[in-house]
Amino acid sequence: MDRDALRALQAPLKQQYVDDPDAAVVTLRSEGALGEGITCSVETGRALAVAGLHPATGGDGTTLCSGDMLLQALTACAGVTLASVATSLQLAVTGRVVAEGDLDFRGTLAVDREAPVGFREIRLRFELDSDATDEELDTLQRLTERYCVVYQTLAGSPALEVTRSRADAG
C-alpha cells in the first residue's frame, strides 16, 4: 500500500471522527474461558490461544504465557504502526521489531512481598534497514511511539476496573 492509498482509506474515517467524535470511541473486547488445569482459552479472531503458567511458575511450556502475549501485542502494534507511519512518510523500511521485558517471578509466586508483580522493565527495539536519513528514522520512531495504541497504553497506565459476578447456574 502506498501513501495515497492509505490516505484514501483513512480519509472518510478521519472526517467521520471530526464530524462525530463519539464515533471514534470503540470498545474492544477479549473473552477467555477457564480450562482444564491452570489454563484460560482466548479467542483471537483467527485461532484459539491457550494461556497457562510460564515454566518459571510451574508451567510445562505447552501453553502461552500471558506475559509473552503482552509483549507480542506490543510488537505487533508497534510493527503495524511503524509500517503505517513509514507509508505516510514515504519511507522504505524493512526489518524487525523486538520487545523484551524483565519479570521477577518472586512477586507473582508470593515468595517476596517486596518483589514487583509484573514487568519491571520493557524494552522495544526497532532493527531497521532503510535508505532513510537518521533524522527521518528519528521522526519515524517518534511518531510510531506516539500513535502505537499498545505502547501508549502501557506508558500511560490507564485506569483499570475489575468486577466479579457469578455465572448463570442454569
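None of these values were measured; they are calculated from a predicted model. (Residues numbered from 1 in each chain as written. Predicted model: local features only at pLDDT ≥ 70, side-chain atom pairs only at ≥ 80, totals over all residues. Heavy atoms only, no water.)

Trainee: Any chance you could break down the pattern of salt bridges for me, citing the residues and the numbers?
Mentor: Summed over the entire model, instances satisfying the criterion amount to nine salt bridges. Across the pair D104 and R120 runs a salt bridge, and its minimum N-O distance is 3.3 Å. Of this pair, D104 sits in the loop between strand 4 (93-103) and helix 3 (105-108) while R120 sits in strand 5 (residues 119-130), and the two are 16 residues apart along the sequence. The buried category is assigned to D104, whose relative accessible area is 10%. (Salt bridge = Lys/Arg side-chain N within 4 Å of Asp/Glu carboxyl O. Helix = DSSP H or I, 4+ residues; strand = E, 2+ residues; numbered from the N terminus. Buried < 20%, exposed > 50% of the residue type's maximum accessible area, 1.4 Å probe, protein only.)

Trainee: Lay out the nonpolar core in plain terms, naming residues and giving numbers.
Mentor: Nonpolar side chains tend to gather and get buried jointly when the protein is soluble and globular. Within the largest apolar cluster, 12 residues are counted, these being C77, A78, L82, V85, A86, L91, V97, F126, A132, L140, L143 and C148. At the level of secondary structure, the elements contributing two or more residues to this core comprise helix 2 (66-89) and helix 4 (134-147). With five residues, helix 2 is the largest single contributor of residues to this core. For A86, the contacting residues outside a window of four places in its chain are L91, V93 and L140. (Core = buried A, V, L, I, M, F, W, Y, C linked by side-chain atoms within 4.5 Å. Contact = heavy atoms within 4.5 Å.)

Trainee: For helix 2, give the residues involved together with the corresponding values.
Mentor: With 24 residues, helix 2 extends 34 Å between its outermost C-alpha atoms, agreeing within 8% with the 34 Å of an ideal straight helix rising 1.5 Å per residue. When helix 2 is considered as a whole, its buried residues turn out to be G67, L71, L74, C77, A78, T81, L82, V85, A86 and T87. (Expected span 1.5 Å × (residues − 1).)

Trainee: Could you give an account of helix 1 (residues 3-19), naming the residues involved and the relevant values?
Mentor: With 17 residues, helix 1 extends 24 Å from end C-alpha to end C-alpha; this agrees with the ideal 24 Å at 1.5 Å per step. Its side-chain oxygen placed 3.2 Å from the backbone nitrogen of D4, D2 serves as the N-cap of helix 1. (Polar contact = N/O pair within 3.5 Å; in protein donor to acceptor, adjacent residues only side chain to side chain.)

Trainee: Can you tell me about a negative patch on the surface, naming the residues and giving the values?
Mentor: A contiguous patch of negative charge, built from D134, E135, E136 and D138, is present on the exposed surface. By secondary structure assignment, the location of E136 is in helix 4. (Patch = residues over 30% accessible without salt bridge, like charges linked within 9 Å, V, L, I, M, F, W, Y side chains within 5 Å. Areas by Shrake-Rupley, 256 points an atom, 1.4 Å probe, with all protein chains shown as cover. Lys, Arg positive; Asp, Glu negative; His and termini not counted. Charge placed at Lys NZ, Arg CZ, Asp CG, Glu CD.)

Trainee: Give me the confidence of the model for the chain: which residues, what numbers.
Mentor: Looking at the chain, the pLDDT average stands at 90 and 99% of residues meet or exceed 70. By mean pLDDT, strand 1 (residues 32-34) is the weakest element of the chain at 77, and helix 4 is the strongest at 97. (pLDDT = per-residue confidence, 0-100.)

Trainee: Describe the pairing of strand 2 (residues 39-43), with residues and values.
Mentor: The sheet contact formed by strand 1 and strand 2 spans three bridges and is antiparallel. Bridge pairing in strand 2 places G32 opposite V42. Connecting strand 2 to the next strand, strand 3 (residues 48-52), in antiparallel fashion are four residues, including G45 with a positive phi near 95 degrees. (Pairing = 2+ DSSP bridges.)

Trainee: Lay out the packing of helix 2 against helix 5 (residues 149-156) in plain terms, naming residues and giving numbers.
Mentor: Relative to each other, helix 2 and helix 5 sit at 125 degrees, their axes nearing to 7 Å. The orientation of helix 2 relative to helix 5 falls into the category oblique. The segment helix 2 lies against helix 5, with L70, A73, L74 and C77 engaging V149, V150, Y151 and L154. Class assignment of the residues belonging to the contact of helix 2 with helix 5 gives a composition of eight nonpolar, no polar and no charged. (Axes fitted to C-alpha atoms, helices over the stretch in contact; angles between N-to-C directions. Parallel < 35°, antiparallel > 145°, perpendicular 65-115°, else oblique. Nonpolar A, V, L, I, M, F, W, Y, C, P; charged D, E, K, R; others polar.)

Trainee: Talk me through the sheet that holds strand 2; I want residue IDs and the actual numbers.
Mentor: Ordered by their spatial adjacency, three strands build an open sheet running 1-2-3, and the pairing between neighbours is antiparallel. Strand pairing shows two members of the sheet lacking a second neighbour, strand 1 and strand 3, which therefore form its edges. Between one strand and the next, the sheet's axes are offset by a mean angle of 25 degrees, whatever the strand orientation.

Trainee: Describe a nonpolar patch on the surface, naming the residues involved and giving the relevant values.
Mentor: On the surface, L70, I122 and L154 cluster together into a nonpolar patch covering about 200 Å² of accessible area. Inspection of the secondary structure assignment puts I122 in strand 5.

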